[in-house]
Amino acid sequence: MSVLSTNVSACIGAGICANTAPEVFELDANGLVVIKTVEVEAAQVDSTDAAIAMCPAAALAWANKDA
Ligand code: SF4
C-alpha cells in the first residue's frame, strides 16, 4: 500500500490533482484539495504519481510508495 504525505495548506486550488486522480483527490467548495484517502491502491499509483508531478504548489508527495 502506498501512502500519501500532503501539505494541504500549500494548495492553490489549481484542481489538476482532482482531474488526474479523482479516486484520490477531490476539491472542496472553495476549490482546494481534499484528500479522499492517504492509502492509495496499486491501481491508482500511476495517476497519483502524475498528479504529484503536476501539482504547481508541490503540495503532494509520497510518504511511502510501493512500486
Ligand atoms: S494540483 Fe496541487 S494546487 Fe492544484 S488542487 Fe491539487 S493540491 Fe491543490
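Another point: the overall build of the protein chain. The secondary structure content of the protein chain amounts to two helices and five strands. Secondary structure elements of the protein chain, listed N to C terminal, follow the sequence β-α-β-β-β-α-β. In terms of overall size, the protein chain behaves like a compact globule, its C-alpha atoms giving a radius of gyration of 11 Å where 67 residues would be expected to give roughly 11 Å. Dimensions of the protein chain along its principal axes, counting C-alpha atoms only, are 30 × 20 × 15 Å. Counting over 67 residues, the protein chain shows a buried share of 33%. Residue pairs at least 24 apart in sequence account for 57% of intrachain contacts in the protein chain once pairs closer than 6 positions are excluded. Here the protein chain displays about 3800 Å² of accessible surface, and carbon together with sulfur accounts for 51% of that area.

Let us now look at the environment of Gly31. By the element assignment, Gly31 lies in the loop between β2 (25-27) and β3 (33-35). Looking at Gly31, the relative accessible area reads 18%, which means it is buried.

Turning to the pattern of salt bridges, a few remarks are in order. In this structure the tally under the stated criterion is one salt bridge. We note a salt bridge from Lys65 to Asp49, for which the minimum N-O separation is 2.7 Å. Here the residue Lys65 occupies a position in the segment after β5 (60-64), and Asp49 occupies one in helix α2 (residues 45-54), the gap between them amounting to 16 residues.

For the rest of this paragraph, the subject is the side chain of Thr48. Position of Thr48 among the secondary structure elements: in helix α2. Note on Thr48: relative accessible area 0%, which makes it buried. Within polar-contact distance, the side chain of Thr48 engages the backbone oxygen of Gln44 at 2.7 Å. Sequence-distant contacts of Thr48, that is, excluding residues within four places in its chain, are made with Leu4, Ala21, Val24, Phe25, Val40 and Trp62.

The rules we used
- Per chain, residue numbering runs from 1 following the sequence as it is written.
- Where totals are concerned, whole chains, interfaces and linings use all residues; where local detail is concerned, this predicted model gives features only for residues with pLDDT of at least 70, and gives and counts side-chain atom pairs only at 80 or more.
- Side-chain numbers come from the whole structure's heavy atoms, not from hydrogens or water.
- Secondary structure elements are taken from DSSP: a helix is a run of H or I of four residues or more, a strand is a run of E of two residues or more, and numbering for both begins at the N terminus.
- For the radius of gyration, the atoms used are the C-alpha atoms, and the globule rule reads 2.2 Å times the number of residues raised to 0.38.
- Exposure is judged per residue with a 1.4 Å probe applied to protein chains only, and the accessible area is read against the type maximum: over 50% gives exposed, under 20% gives buried, and values in between give partly exposed.
- The contact criterion used is simple: two residues touch if any of their non-hydrogen atoms lie within 4.5 Å.
- In these tables, accessible area is a Shrake-Rupley quantity obtained with a 1.4 Å probe, and a residue counts as shielded only by the protein chains included in the view.
- Salt bridge, as applied in this entry: a Lys or Arg side-chain nitrogen positioned within 4 Å of an Asp or Glu carboxyl oxygen.
- Polar contact is the term for a pair of N or O atoms within 3.5 Å; when the atoms are in protein, one must be able to donate a hydrogen and the other to accept it, and sequence-neighboring residues count only if both atoms are side-chain atoms.

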